[in-house]
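# Architecture at a glance
If you want the building blocks of each chain, they are given just below.
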There are 2 protein chains.
Amino acid sequence: MRTIFTAELSLLAGDLIEMSEHVQIAIHNATKALATKDLELAQSVIAEDANLDALEHRVDERCVLLIARQQPVGLDLRTLVTSLRISAGLERMGDLAQHIAEGVRRAYPDSPVPASHKEIFRDMSAAACQVSDLVVELLKTRDLNVAAQIVGDDDTLDDLHAKAYSKLLATGYKGGTQETLDVALLARFLERFGDHAVNVSRRVVYLVTGDVARDSSAI
Amino acid sequence: MRTIFTAELSLLAGDLIEMSEHVQIAIHNATKALATKDLELAQSVIAEDANLDALEHRVDERCVLLIARQQPVGLDLRTLVTSLRISAGLERMGDLAQHIAEGVRRAYPDSPVPASHKEIFRDMSAAACQVSDLVVELLKTRDLNVAAQIVGDDDTLDDLHAKAYSKLLATGYKGGTQETLDVALLARFLERFGDHAVNVSRRVVYLVTGDVARDSSAI
């Protein structure tokens, strides 16, 4: 019985890794499409999001079935409930990558990023991609050092987000309204992507350490 | 055993109603603060959000304990898992009310809503408040007609959100960047509030009807 449960938990862990890899591809492609005004790539990110939603549904089903069949208690049970929260967080990260791709599609054949903000978005994109790489690594290795790195990248995203807004509000900024809206929303999506990555990583830390205090923020 | 479980499920349902009532007060006060530039009221919404987070935590704990002690299967188990999703959705709705209150605080002693958008925000605020009233009612009555009304109000919020953006982008709009950002973000918070209400109501419909197809969107 225990062996079957362990095998099932391993499949569940595999599903979460698969979800994180989808998120990784989505944010890499969305930010690449943003940098290169690649409409086709943006469309593919938008189309792919349904697969991530389906994966989330599979994780939910697997958790419910596992609870029903194995009637776990203690740590096993908390693993399953926490897995549900992690899958919800990964699904939200995928949504945010999709929103970025939608921004690219809306502005096409122009770029939604004005020259004034090219550098900030290049840096935000790099940080978001790195965060997604780290989330995959964290789910694979459960290495708590990786969780700390995710928090660091999220701080970078927060700082860049604030910088993007400051530039919009600075005297002498001459962008139009559409441009202002594009910058504000895209910067927000990238910043939120980092927030959700931190939430996911806190959940993983909780799985590893059982430390509730570190799991204070909800997804 | 069954009697205890039924009593526990009833406590859980009570917790969700209590959460929805917190959300109701939060959005009513946040939108009132928005309309009246009431800093003190805005501060109270921001301070109160911690109580909603604590309630979400209590729901989580209750679900986990119930699963562990009662080892439910079938419908009972799905009720518990769905309750976790509902609590996460309500918590997000509270966050959005908090974000609106933060917008009021940031702009104080001015209003973050320019004259051009007063009417739209009045209507969005009314729709968001009505949505929150309906969510309380739905959780209390499990009446599917109420769920349909929530979808209707969400459509209203979507339309008004689009209208708020159109007005920003219309020729002749003369607002500054800060004003544009305020309008864009506040309109988005109210629109997202409606989205989460629809997600919560879909979960409740799922509890009542067991119809998975109606539960296609993730919180």
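These numbers come from a predicted model, not from an experiment.

So, about the overall build of chain A. Looking only at helices and strands, chain A has six helices and zero strands in total. Scanning chain A from its N terminus toward the C terminus, one meets helices and strands in the order α-α-α-α-α-α. Since a compact globule built from 219 residues should have a radius of gyration of about 17 Å, the 19 Å found for chain A is in line with a globular shape. A principal-axis box enclosing the C-alpha atoms of chain A has dimensions of 65 × 35 × 25 Å.

For the rest of this paragraph, the subject is the nonpolar core. Ranked by internal contacts, the top residues of the largest apolar core, which has 142 residues, are A:Leu90, A:Met93, A:Val135, B:Leu90, B:Met93 and B:Val135. Those residues within four positions of B:Val135 in sequence are excluded, and the remaining contacts are B:Ser20, B:Leu90, B:Met93, B:Ile150, B:Ala197 and B:Val200.

Across the contact, 36 residues belong to chain B and 36 residues belong to chain A. Between chain B and chain A lies a buried interface of about 3,200 Å² when both sides are counted; carbon and sulfur atoms form 61% of it. Looking at the side of chain B facing chain A, the largest losses of area belong to B:Val64, B:Arg85 and B:Leu181, adding up to 18% of the total buried there. Here chain B is connected to chain A by six salt bridges. Here B:Glu61 makes a salt bridge to A:Arg78, at a shortest N to O gap of 3.6 Å.

Defined simply, a disulfide is a covalent bond joining two cysteines at their sulfur atoms. In the structure shown here, the tally under the stated rule is zero disulfides over all chains. In this structure A:Cys63 is not part of a disulfide, and its nearest cysteine sulfur, from B:Cys63, lies 14 Å away.

This next bit is on the confidence of the model for chain A. Residue and element names in this part refer to chain A. For chain A, the mean per-residue pLDDT works out to 91, and 95% of the residues sit at or above 70. Every residue in residues 213–219 is under pLDDT 50, and counting partners more than four places away or in other chains gives 22 contacts. In the predicted assembly, ipTM is 0.77 and pTM is 0.86.

Let's shift gears to the packing of helix α2 (residues 39–70) of chain B against helix α3 (residues 74–107) of chain B. Residue and element names in this part refer to chain B. Interhelical geometry of α2 versus α3 gives an angle of 170 degrees and a closest axis separation of 9 Å. When the interaxial angle is binned, α2 and α3 end up roughly antiparallel. Handedness of the crossing formed by α2 with α3: left-handed.

All names here are of chain A. A complete count under the given rule lists 23 salt bridges over all chains for this structure. Put simply, Arg 192 and Asp 195 hold a salt bridge, and the shortest N to O gap is 3.2 Å. Of the two residues, Arg 192 and Asp 195 are both situated in helix α6 (residues 177–209); the distance of three residues between them amounts to about one turn of the helix. Accessibility expressed as a relative area gives 17% for Arg 192, which makes it buried. Put simply, Asp 15, Glu 18, Arg 58 and Arg 62 are held in one network by salt bridges that share partners.

Right, let's talk about the relation of the copies chain B and chain A for a bit. Structural alignment of chain B on chain A gives an RMSD of 0.0 Å, achieved by rotating through 180 degrees and translating 0.0 Å along the axis. On this basis, the relationship between the two copies can be described by a two-fold rotation axis. Using C-alpha coordinates, one finds that chain B approaches the rotation axis most closely at B:Gln71, a distance of 2.7 Å. Looking at chain B, 100% of its interface residues are interface residues in chain A too, so the copies touch through the same face.

Reading the values: rules and limits
Residues numbered from 1 in each chain as written. Chains lettered and ligands numbered in written order. Predicted model: local features only at pLDDT ≥ 70, side-chain atom pairs only at ≥ 80, totals over all residues. Heavy atoms only, no water. Helix = DSSP H or I, 4+ residues; strand = E, 2+ residues; numbered from the N terminus. Rg over C-alpha atoms; globule rule 2.2 N^0.38 Å. Core = buried A, V, L, I, M, F, W, Y, C linked by side-chain atoms within 4.5 Å. Buried < 20%, exposed > 50% of the residue type's maximum accessible area, 1.4 Å probe, protein only. Contact = heavy atoms within 4.5 Å. Buried area = accessible area lost by both parts, 1.4 Å probe. Salt bridge = Lys/Arg side-chain N within 4 Å of Asp/Glu carboxyl O. Disulfide = S-S within 2.5 Å. pLDDT = per-residue confidence, 0-100. Axes fitted to C-alpha atoms, helices over the stretch in contact; angles between N-to-C directions. Parallel < 35°, antiparallel > 145°, perpendicular 65-115°, else oblique. Left-handed = near helix turned anticlockwise from the far one by under 90°. Least-squares fit on C-alpha atoms with pLDDT ≥ 70 in both.

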